[in-house]
Amino acid sequence: MPLQSLSNELLLQIIDWVSRDNLLANKHNNGQDLAHLALCSRSLNALTTSVLYETFYFRGENSLPLLLQRVIKDPEIGRRFKRIVGESRFEDESLGIDILSEVDVAACEQKIREWCPAEDSALDWIAKFREGDWDAFMALLLPYLENLREINLESFGSFIDVNERHLAYILNRAARLQNEGHLETQGSLSKLHRISVTYHDTENGLDIPEVLPFMKLKSVKKLFVHMLQGEDPLHGRMTSQIEDLSLQYSCVESDTLVKLLRSFPNLKRLSYENGGAVVGDHEFLPQKFGEGIQHLKETLETLAISDDESYMGVIDPLPIGPLTDFNNLRALMVSAKVLLGDPESAEDREIEHIGSDSGAEDDDQLVKEYSLLGVLPPSLVELTIKHCQGKELGYLRELLEQRDKVPLLKRVLLAFDRWRPAPAEESEEVKRLFEDAGIVLLINRFSQEFELLHL
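Quick look at the structure, then. (Residues numbered from 1 in each chain as written. Predicted model: local features only at pLDDT ≥ 70, side-chain atom pairs only at ≥ 80, totals over all residues. Heavy atoms only, no water.)

1. Observations concerning the overall build of the chain
For the chain, the count of helices and strands is 15 helices and 16 strands. Buried residues in the chain amount to 51% of all 455 residues. Residue pairs in contact within the chain that sit at least 24 positions apart in sequence constitute 73% of those at least 6 positions apart. For the chain, the computed accessible surface area is about 21600 Å², with 48% contributed by carbon and sulfur atoms. (Helix = DSSP H or I, 4+ residues; strand = E, 2+ residues; numbered from the N terminus. Buried < 20%, exposed > 50% of the residue type's maximum accessible area, 1.4 Å probe, protein only. Contact = heavy atoms within 4.5 Å. Areas by Shrake-Rupley, 256 points an atom, 1.4 Å probe, with all protein chains shown as cover.)

So, in structure tokens, the structure goes:
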């Protein structure tokens, strides 16, 4: 069947498939496949052009200078882009400034002076720009991308102090413009909704001040950060409008984490993965995490906490605490120790059982161990517990006996580690009980296979 006989709807699906295939296959070829597709026919050319300019992949030393050159001459091209994906470059990896003419450079310097009225800062920006500095180029490019919706910075990071970063200046300027309601001003980035930032190395991580400019943008609703680390960077009160926050393979000091989480009053989806000593030297304490999310009882819908369970023993880790008052929490993925406590750490101590008929009730005891009835909210639909310890099957029986406390529960997934497998006979028995109750129960799938449903 010839292409010209296909409807525009089908052609757009083909174009979308080619575009997504590039992304999924990590083909950062600046849309060459789409460009080739556009040459197949006039109809495909008309439909493909808008999609071709939606995503810009920057790789190597020339891609950013070439795009900057084009948008300076024709700002309409910059307005077509909705997503940029690529890697930052470092001090010894300069961009190809030589491909810009003196006229191009002069136009860039004029824009820098327009956006940065402080003379010393503007001169520093211009000097870095003439050296081919990635940060200086990206800061100059972003305001031209007026319809930008998504930024994906891979291998991000620098040895430059964040206060000397011109990209941070442009992001802070955009935040100020958004807060003041100047959404049509060039550089407000008012349509930017999603940001992903991945650290460039396998050790240490991004300092919190490096990502604060992304968090401050009022328009941004979804933020993914890989390898965040540090402590006490929040000078004054910051409030972010982000609704979907993912901090993966990170290590944030506990009190700083409390303050950081409290900066997000509207979170609906929250995911935190503890990276441990590879990223930083701070203990992950579930009880402090629980302290940091208490203000989210009416907003939080999905919570995922992944912990490497390696503690240095300076402070005893306690459970996250009851989530029974989180009225909209529908999906929960967490390790058993984070949710219920660690029986092994409680050896030779008294244990307070919360939510079960057994145990003591002394508030002064040091260690608390919760049953599922003591922590789960009635709104919960899906529960995933990783690194199970053996008591979870008994807690599930209690849960069925008081099903009215979790009336919406539809799916439970338990992951027992290889060295601590689930008791086979009891597992089958509990599975049958759950099947009779109309609840899906899956046991002994490996943790990495678990994903929260997009409820």
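Here the narrative resumes.
2. A word on helix H9 (residues 166-179)
Relative to the 20 Å expected for 14 residues at 1.5 Å per residue, H9 spans 20 Å between its end C-alpha atoms, a close match to the ideal helical length. By the criterion of burial, H9 is predominantly enclosed, with 10 of the 14 residues buried. When H9 is considered as a whole, its buried residues turn out to be His166, Leu167, Ala168, Ile170, Leu171, Arg173, Ala174, Ala175, Leu177 and Gln178. Buried positions along H9 lie against helix H6 (102-115), helix H7 (119-130), helix H8 (134-141), strand S3 (150-156) and helix H10 (208-215). Glycine 181 occupies a position one or two residues after H9 and carries a positive phi of about 85°. (Expected span 1.5 Å × (residues − 1).)

3. Here we look at the pattern of salt bridges
Scanning the entire structure with this criterion turns up 20 salt bridges. The closest approach of N and O atoms between arginine 79 and glutamate 76, which form a salt bridge, is 3.1 Å. Residue arginine 79 and its partner glutamate 76 are both found in helix H5 (residues 75-80); the two are separated by 3 residues, about one turn of the helix. Classification of glutamate 76 by relative accessible area gives partly exposed; the value is 40%. Overlapping salt bridges bring together Asp255, Arg262, Lys288 and Glu291 as one network. (Salt bridge = Lys/Arg side-chain N within 4 Å of Asp/Glu carboxyl O.)

4. Looking at H10
Every α-helix winds through 3.6 residues per turn, so residues three or four apart in the chain are directed the same way. Buried residues dominate H10, accounting for 7 of its 8 residues. Along H10, the residues classified as buried are Ile208, Glu210, Val211, Leu212, Pro213, Phe214 and Met215.

5. Some remarks on unusual backbone geometry
Backbone phi values are negative for most residues with the exception of glycine, while trans is the configuration of most peptide bonds. Phi at leucine 189 is positive, roughly 50°, even though this residue is not glycine. Secondary-structure assignment places leucine 189 in the loop between H9 and strand S4 (194-199). Its identity as a non-glycine residue notwithstanding, asparagine 204 has a phi of 60°, on the positive side. Relative to the helices and strands, asparagine 204 resides in the loop between S4 and strand S5 (206-207). What makes asparagine 204 partly exposed here is its relative accessible area of 48%.

6. Observations regarding the environment of arginine 194
Among the secondary structure elements, arginine 194 is positioned in strand S4. Here the alpha-carbon distance between arginine 194 and leucine 148, two residues 46 residues apart in the chain, equals 9.5 Å. In this structure, arginine 194 is in contact with Arg149, Glu150, Ile151 and Lys222, ignoring residues within four places of it in sequence.

7. Brief notes about the packing of aromatic side chains
Counted under the stated rule, the structure contains 11 aromatic pairs. With a centroid separation of 4.6 Å and 35° between ring planes, the pair formed by phenylalanine 129 and phenylalanine 137 is classed as tilted. Take phenylalanine 129: its relative accessible area is 0%, and that puts it in the buried class. The class of phenylalanine 137 is buried, set by a relative accessible area of 1%. Ring centres 6.0 Å apart and planes at 75° place the aromatic pair phenylalanine 156 and phenylalanine 214 in the edge-to-face group. One end of the pair, phenylalanine 156, is in strand S3; the other, phenylalanine 214, is in helix H10, with 58 residues separating them in the sequence. Considered together, phenylalanine 156 and phenylalanine 214 belong to a single accessibility category, that of buried residues. Following the ring pairs from residue to residue traces out a cluster consisting of Phe56, Phe58, Phe81, Trp134, Phe156 and Phe214. (Phe/Tyr/Trp six-rings, centres within 6.5 Å; stacked < 30°, edge-to-face > 60°.)

8. Quick notes on the pairing of S3
By the criterion of burial, S3 is predominantly enclosed, with 6 of the 7 residues buried. Where strand S2 (residues 83-87) lies against S3, 5 bridges are found, and the strand directions are parallel. Looking at the pairing, glycine 86 lines up with leucine 153 of S3. (Pairing = 2+ DSSP bridges.)

9. Digging into the packing of H7 against H9
Remark: H7 packs on H9, axes separated minimally by 11 Å, with the N-to-C direction vectors making an angle of 130°. As judged from the angle between their axes, H7 and H9 are oblique. In this structure, H7 uses Ser121, Asp124, Trp125 and Lys128 to contact H9, whose residues at the interface are His166, Tyr169 and Ile170. Tallied by class, residues from the contact of H7 with H9 come to 3 nonpolar, 2 polar and 2 charged. (Axes fitted to C-alpha atoms, helices over the stretch in contact; angles between N-to-C directions. Parallel < 35°, antiparallel > 145°, perpendicular 65-115°, else oblique. Nonpolar A, V, L, I, M, F, W, Y, C, P; charged D, E, K, R; others polar.)

10. Side note on the environment of glutamate 369
Structurally, glutamate 369 can be placed in strand S13 (residues 367-370). The sequence separation of glutamate 369 and leucine 318 amounts to 51 residues, and the corresponding C-alpha distance is 8.3 Å.

11. A look at the environment of threonine 299
Examined against the element boundaries, threonine 299 turns out to sit in the loop between helix H12 (286-292) and strand S10 (302-306). If we skip the residues at most four places from it in the chain, threonine 299 touches Pro265, Asn266, Leu267, Lys268 and Asn328. Engagement of the side chain of threonine 299 in a polar contact is seen with the backbone oxygen of leucine 267, the distance being 2.9 Å. (Polar contact = N/O pair within 3.5 Å; in protein donor to acceptor, adjacent residues only side chain to side chain.)

The values reported here are purely geometric and, on their own, carry no functional implication.
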